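# Examination of the molecular architecture
Residue-level listing of the chains:
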Amino acid sequence: MPAPKNAMEIFQLLDKSSCRECGEKTCLAFAGAVFQGHRKIDECPKLDPAVIERFSGDPADLNTLEENREAFMEMMKQKVSQIDLSSAAQRTGGRSENGRLTLKIMGKDFSVDGQGNLYSDIHVNPWVAAPFFDYVINGKGVDPTGQWVSFRELENGKDRYPLFRKRCEEAMQQVADSYTDLFDDVVHLFSGRQVDRQFQSDISVVLHPLPKVPIMICYWRPDEGLGSSLNIFFDKSADRNLDIGSVFSLGAGLTQMFQKLALRHGFSEV
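Residues numbered from 1 in each chain as written. Predicted model: local features only at pLDDT ≥ 70, side-chain atom pairs only at ≥ 80, totals over all residues. Heavy atoms only, no water.

### Examining helix α7 (residues 161-178)
Given a rise of 1.5 Å per residue, 18 residues ought to cover 26 Å, and the 24 Å separating the end C-alpha atoms of α7 matches this to within 8%. For α7, every residue scored as buried is listed here: Tyr 161, Leu 163, Phe 164, Cys 168, Glu 169, Ala 171, Met 172, Gln 173, Val 175 and Ala 176. (Helix = DSSP H or I, 4+ residues; strand = E, 2+ residues; numbered from the N terminus. Expected span 1.5 Å × (residues − 1). Buried < 20%, exposed > 50% of the residue type's maximum accessible area, 1.4 Å probe, protein only.)

As structure tokens, this is what we get:
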């Protein structure tokens, strides 16, 4: 079946109850997130199974969601081609040279040229690419404030927090429970740093997935009958430099990366 031309075609597939169980405020907001590639259509808890099968069935079938993501990326490339990369470098904390804007992502160089083509020494995952484009095109260039807040405290984060808690914090906590040395490894692999003393937990680390969007991860080990706990915090300025969908993508992407690192080190139950 052909890929939806816009979010309204996806909206027509939903039950339109705006139940918020998916974490979005309305069904229309969910449809828009799916069309942009930030969400998967099977995350709707009330979706007809037949619709899910049509969108995520046999791999030989047309992968509509991937096409939506590709369409979104092409749109972002067009927008990048219309901005001045030198000015964007000053605003985003990057550098401009040889016709490219280069940012440090997790300590690694990540570049875009005037046609929107991406270059990196690391694999260009969608969870990096979409927030990268959003940051370069729409980011206000606000410097970090040093004030840490939870995802739900960011603009439009409250309604999405239940899903963020499940997909990011709880999933990352499972990794940490199995692989407690993970964050020490991350510090060395991805130019992380230890947190300020007042924010210290059993294991704490600050990462910079984007120059002006730091993320702090705090993990507490199980202790005296209490279970473990993990929380992810963002600088208060995060929603000035990214929309909430891109912030979610960063959290989910980091979680996936940590899961892969754990599997690489032989931890299968994560």
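Picking up where we left off.
### Brief notes about the nonpolar core
Counting 60 residues, the largest nonpolar core has Phe 183, Ile 217, Phe 234 and Phe 258 as the members making the most contacts within it. Counting residues per element, this core draws most heavily on helix α10 (residues 244-264), which supplies 10 residues. When sequence neighbours within four positions are dropped, the list of residues in contact with Phe 258 reads Met 172, Val 175, Leu 182, Phe 183, Val 186, Leu 207 and Ile 217. In terms of nonpolar packing, the next biggest core, distinct from the first, is built from 11 residues, Ile 10, Phe 30, Ile 41 and Leu 47 among them. (Core = buried A, V, L, I, M, F, W, Y, C linked by side-chain atoms within 4.5 Å. Contact = heavy atoms within 4.5 Å.)

### Here we look at the sheet that holds strand β2 (residues 100-105)
Spatially, 4 strands are ordered β1-β2-β3-β4 in an open sheet, and the strand pairing comes out antiparallel. Lying at the two open borders of the sheet, with one neighbouring strand each, are β1 (95-97) and β4 (118-120). Within the sheet, the average angular offset between the axes of one strand and its neighbour, ignoring direction, is 30 degrees. As defined by bridge partners, strand β3 (residues 108-113) adjoins β4 across 3 bridges and the pair is classed as antiparallel. Residue Val 112 lies in a different strand from β4, and its bridge partner there is Leu 118. (Pairing = 2+ DSSP bridges. Axes fitted to C-alpha atoms, helices over the stretch in contact; angles between N-to-C directions.)

### Quick word on the pairing of strand β7 (residues 213-220)
Counting buried positions along β7 gives 7 out of 8 residues, so the element sits mostly inside the fold. In this sheet, β7 lies alongside strand β6 (residues 203-210) in antiparallel orientation, the contact comprising 6 bridges. Its bridge partner being in β7, Leu 207 is matched across the sheet by Ile 215. Counting the residues in the hairpin turn of β6 and β7 gives 2 residues. Where β7 lies against strand β8 (residues 229-235), 6 bridges are found, and the strand directions are antiparallel. Of the residues in β8, the one forming a bridge with Cys 218 is Asn 231.

### Topic: the packing of aromatic side chains
In this structure the tally under the stated criterion is 8 aromatic pairs. With centroids separated by 4.8 Å and ring planes inclined at 55 degrees, the aromatic side chains of Phe 110 and Phe 132 adopt a geometry described as tilted. With Phe 110 in strand β3 and Phe 132 in helix α6 (residues 126-138), this pair connects stretches of sequence that are 22 residues apart. Residue Phe 110 shares its accessibility class with Phe 132, and that shared class is buried. Ring centres of Phe 151 and Phe 164 lie 4.2 Å apart, and the angle between their planes is 5 degrees; on these two criteria the pair is classed as stacked. (Phe/Tyr/Trp six-rings, centres within 6.5 Å; stacked < 30°, edge-to-face > 60°.)

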